[in-house]
Amino acid sequence: MSPERHSPEGHVTGPGEAAPEEGRTHWRRSLAVAVPALLAAGGLGTAMASGALAVGLKIQDRPVDFTTSSLYGTQYGAAVVDQAVVRPDGSAGSVRVLRMGFADGMINGLCLSQKQQIGGATYTLMLVLGDDNPGSWEIRTKNTVLDLKNATGVLDMDGVVDLNTNGADVKTVKDASGGYVDNPLNSPQHRFGIQARYAKFDRITGTAQDFQLPGLLTTPKLKLSVKPGSVACPTPPAPTGTPGTP
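Residues numbered from 1 in each chain as written. Predicted model: local features only at pLDDT ≥ 70, side-chain atom pairs only at ≥ 80, totals over all residues. Heavy atoms only, no water.

Draft legend 1. Quick look at empty space enclosed by the protein. Scanning the model with the defined rule gives two cavities of 30 Å³ or more in all. Considered as a void within the structure, the largest cavity measures approximately 60 Å³ in volume. Residue lining of the largest cavity: Phe66, Thr68, Leu71, Ile107, Leu110, Thr144, Leu146, Ile204 and Phe211, and that is the complete set. No other element matches the three residues that strand β2 (residues 64-86) contributes to the lining of the largest cavity. Residues belonging to the lining of the largest cavity are distributed by class as follows: seven nonpolar, two polar and no charged. (1 Å grid on protein atoms, 1.4 Å probe; cavity = no way out; pocket = protein on both sides within 12 Å on 5 of 7 lines; lining within 4 Å. Points joined across faces, edges and corners; volume = space filled by probe spheres on them. Helix = DSSP H or I, 4+ residues; strand = E, 2+ residues; numbered from the N terminus. Nonpolar A, V, L, I, M, F, W, Y, C, P; charged D, E, K, R; others polar.)

Draft legend 2. Region of the structure containing the packing of aromatic side chains. Taken as a whole, this structure holds one aromatic pair when the rule is applied. Taking the centre distance of 5.1 Å and the plane angle of 45 degrees together, the rings of Tyr76 and Phe102 count as tilted. One end of the pair, Tyr76, is in strand β2; the other, Phe102, is in strand β3 (residues 92-107), with 26 residues separating them in the sequence. Taking the relative accessible area as the measure of exposure, Tyr76 reaches 1% and is therefore buried. A cation over a ring is seen here: Arg197 above Tyr198, with NZ or CZ 4.8 Å from the ring centre. (Phe/Tyr/Trp six-rings, centres within 6.5 Å; stacked < 30°, edge-to-face > 60°. Buried < 20%, exposed > 50% of the residue type's maximum accessible area, 1.4 Å probe, protein only. Lys NZ or Arg CZ within 6 Å of the ring centre and 35° of its normal.)

Draft legend 3. A look at the nonpolar core. Within the largest apolar cluster, 25 residues are counted, with the highest numbers of intra-cluster contacts made by Phe66, Tyr76, Leu110 and Phe211. For this core, the secondary structure elements donating two or more residues are β2, β3, β4 (110-118), β5 (121-129), β6 (139-163) and β7 (193-213). Ranked by residue count, the leading element in this core is β7, at eight residues. Every residue in contact with Tyr76, bar those within four places of it in the chain, is listed here: Met100, Gly101, Phe102, Leu155, Met157, Thr172, Ile194, Gln195, Ala196, Arg197 and Ala199. (Core = buried A, V, L, I, M, F, W, Y, C linked by side-chain atoms within 4.5 Å. Contact = heavy atoms within 4.5 Å.)

Draft legend 4. Representation of the state of the cysteines within the structure. One pass over the structure, following the stated rule, counts one disulfide. Between the sulfur atoms of Cys111 and its disulfide partner Cys233 the distance amounts to 2.0 Å. Across the disulfide from Cys111 to Cys233, rotation about the S-S bond amounts to roughly -80 degrees, and the bridge is consequently left-handed. Remark: Cys233 occurs in the segment after β9 (222-228) and Cys111 occurs in strand β4; sequence separation between them is 122 residues. Neither residue differs from the other here; Cys111 and Cys233 are each classed as buried. (Disulfide = S-S within 2.5 Å.)

Draft legend 5. Highlighting unusual backbone geometry. A positive phi angle, close to 45 degrees, is found at Trp137, a residue other than glycine. Relative to the elements of secondary structure, Trp137 occurs in the loop between β5 and β6. Its relative accessible area of 0% is what places Trp137 among the buried residues. One non-glycine residue, Asn143, lies in positive phi territory at about 50 degrees. Its location among the elements puts Asn143 in strand β6.

Draft legend 6. View of the environment of Val160. Secondary-structure assignment places Val160 in strand β6. Note: C-alpha distance between Val160 and Gln195 (35 residues apart in sequence) is 7.9 Å. Leaving out residues up to four positions away in the same chain, Val160 has contacts with Gln195, Ala196 and Arg197.

Draft legend 7. View of the pattern of salt bridges. Counting across every chain of the model gives five salt bridges. Here Lys142 and Asp104 are joined by a salt bridge, their closest N and O atoms 2.7 Å apart. Of the two residues, Lys142 is situated in strand β6 and Asp104 in strand β3; the sequence distance between them amounts to 38 residues. The salt bridge involving Lys221 is made with Asp132; its shortest N-O contact spans 3.3 Å. Here Lys221, found in the loop between β8 (217-218) and β9, pairs with Asp132, found in the loop between β5 and β6; they are 89 residues apart in sequence, far enough to count as distant. (Salt bridge = Lys/Arg side-chain N within 4 Å of Asp/Glu carboxyl O.)

Draft legend 8. Just the pairing of β7, in detail. Most of β7 sits out of view: 17 of its 21 residues are buried. Here β2 pairs with β7 via 14 bridges, running antiparallel. Across the sheet, residue Thr68 finds its bridge partner in β7, namely Ile204. Here β6 pairs with β7 via 15 bridges, running antiparallel. Considered in β7, the bridge of Leu146 is made with Phe211. (Pairing = 2+ DSSP bridges.)

Shape descriptors only; they carry no functional weight alone.
Below, the structure is given as structure tokens:
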């Protein structure tokens, strides 16, 4: 979506409408669009807080910025893949990303932020999961897949660790019977790959082209908000303690 032009105050002046007073920001028209999203978020947040909702999360329409204190999982795999994308002009293309996967994962707090244009003004949709405790690893997932455009953090791997594994040889996603799926990351042969029995990725700040927590995702709390302007997720705190068994 191409950015729409708007005044520095974030307001589009319509026919017969007086220009906004200098030094003031008028969000009324844009907020009218955002209200339904906020109401829906309130319902989701209440359900999650009461433990009544367990859902999968999938974000694919455009890149999303994210931070987390720690991501820990078993049967970790990573490989270079070509992710299909739609260019701004509507044509199809691809972008090369590092696809990471965990068969069973634990996440120690998670924040996702994505900028949108609403009514000619920039807003940030922000999704926060977790309990604000850097020692709990409270979010549980299965078959987690992240397509990373860039990320910084500290990665520790343990158990049997294989480097330069062909992407198609990586086994990190299980089927319904508990067996590992062949080439779950859909990476071609002769691409860089990593595989480890356990992996822990701390203090991650990055951008994902594709973000999938499919099937079952459980978290004690979820908060979805729409914020005016361009707002980044807070810097993740260092994790404390050690994660339990996924």
